[in-house]
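Notes for the structure review
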Amino acid sequence: MELFWPEMDPDAARNNLNVAIYGLRQALRAGRPTFSHVLYQDDCYLINPELRVWVDSEAFEMHRAAGQTLEEQSKFPEAMGEYRAAEALYQGEYMEDDRYEDWMIPRRRRLEARYLDLLNRLVRYSYDREHHAACIALCHKMLSIDPCLEEAHRRLMRCYRRQGQPYLALRQYHFCVERLKEELDMSPAPSTVALYERIRDM
């Protein structure tokens, strides 16, 4: 109660807890009306341990960890399969409806960082195998989370150049310059500028 309603007096917080537990029981009862989903034991509420619960964030972590293990074993196609399974589960910020709840911010940031890392691994794998369309789509997903990731901008520029579309690569560079200026008041790294100049002078 202190975690969720720290500014309320104990009676009001207890009432909120009872309402929340009732709502949870009602929501879970729809699938199995005779099963006790939420138990009260030893002055604590708990999810019935006999209930099998699937949580997308836990499944995401499981696939991501499996991908890392396979990658360490140099089983790259299998690792990428696990990363793709994890990527498909990530549907946006963790608990985005409760954006300003302090207790979930560290987990939200950790999941986002891990998502960006696995996207980057998928990007490198796709690029090395000249799967440009997949690489481009993945880079755009990275930039939708952090529009200032210069490595993703550079990878897009290289993909467009390889596809014979240097004008798109140059446009991507200008987009990168704008984002960095607006978000961070910074200029692109020398490597980004050098790539732009190489493509421009082709």
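Figured I'd write up the structure that's included with this text.

Here is what the cut-offs are and how they apply
Residues numbered from 1 in each chain as written. Predicted model: local features only at pLDDT ≥ 70, side-chain atom pairs only at ≥ 80, totals over all residues. Heavy atoms only, no water. Axes fitted to C-alpha atoms, helices over the stretch in contact; angles between N-to-C directions. Helix = DSSP H or I, 4+ residues; strand = E, 2+ residues; numbered from the N terminus. Parallel < 35°, antiparallel > 145°, perpendicular 65-115°, else oblique. Left-handed = near helix turned anticlockwise from the far one by under 90°. Contact = heavy atoms within 4.5 Å. Expected span 1.5 Å × (residues − 1). Buried < 20%, exposed > 50% of the residue type's maximum accessible area, 1.4 Å probe, protein only. Arc of directions from axis to C-beta. Core = buried A, V, L, I, M, F, W, Y, C linked by side-chain atoms within 4.5 Å. Salt bridge = Lys/Arg side-chain N within 4 Å of Asp/Glu carboxyl O.

1. A closer look at the packing of helix H4 (residues 105-128) against helix H6 (residues 150-162)
Running from amino to carboxyl end, H4 crosses H6 at an angle of 20°, the nearest separation of the two axes being 12 Å. The angle between the axes of H4 and H6 places the two elements in the roughly parallel class. In the crossing of H4 with H6, the sense of the turn from one axis to the other is left-handed. Contact residues: H4 offers Val123, Arg124 and Tyr127, while H6 offers Arg155, Arg158, Cys159 and Arg162.

2. What to know about helix H7 (residues 166-184)
Between its first and last C-alpha, H7 extends 26 Å over 19 residues, near the 27 Å set by a 1.5 Å rise per residue. Among all positions in H7, only Leu168, Ala169, Gln172, Tyr173, Cys176, Arg179 and Leu180 are buried. Down the axis, H7 shows its buried residues gathered within 145° of arc, on one side only. Away from its buried face by more than 90 degrees, H7 exposes Tyr167, Arg171, Lys181 and Glu182. Each element contacted by the buried residues of H7 is listed here: helix H5 (132-145), H6 and helix H8 (190-200). Directly beyond the C-terminal end of H7, a positive phi value near 55° is found at Asp185.

3. Observations regarding unusual backbone geometry
You will see that Asp42, though not glycine, has its phi angle at about 50°, which is positive. Phi at Asp43 is positive, roughly 65°, even though this residue is not glycine. Residue position: Asp43 is located in the loop between strand E1 (38-41) and strand E2 (44-47). Overall, Asp43 belongs to the exposed group, its relative accessible area being 59%.

4. Remarks on the nonpolar core
Counting 33 residues, the largest nonpolar core has Phe60 and Met157 as the members making the most contacts within it. Of all the elements in the fold, those that place two or more residues in this core are helix H2 (56-72), helix H3 (76-89), H4, H5, H6, H7 and H8. Counting residues per element, this core draws most heavily on H4, at nine residues. With near-sequence residues (within four places) excluded, Met157 lies in contact with Ala169, Gln172, Tyr173, Thr192, Leu195, Tyr196 and Ile199.

5. Concerning the pattern of salt bridges
Applying the stated criterion across every chain yields a total of eleven salt bridges. When the shortest N-O distance is used, the salt bridge between Arg121 and Asp117 registers 2.8 Å. A residue pair is termed a helical-turn pair when its members lie 3 or 4 positions apart in one helix, as Arg121 and Asp117 do in helix H4 at four residues. Note that Lys181 and Asp185 form a salt bridge whose closest N and O atoms lie 2.8 Å from each other. Taking relative accessible area as the criterion, Asp185 reaches 55% and is therefore assigned exposed. A single salt-bridge network, built from bridges that share partners, covers Glu150, Glu151, Arg154 and Arg155.

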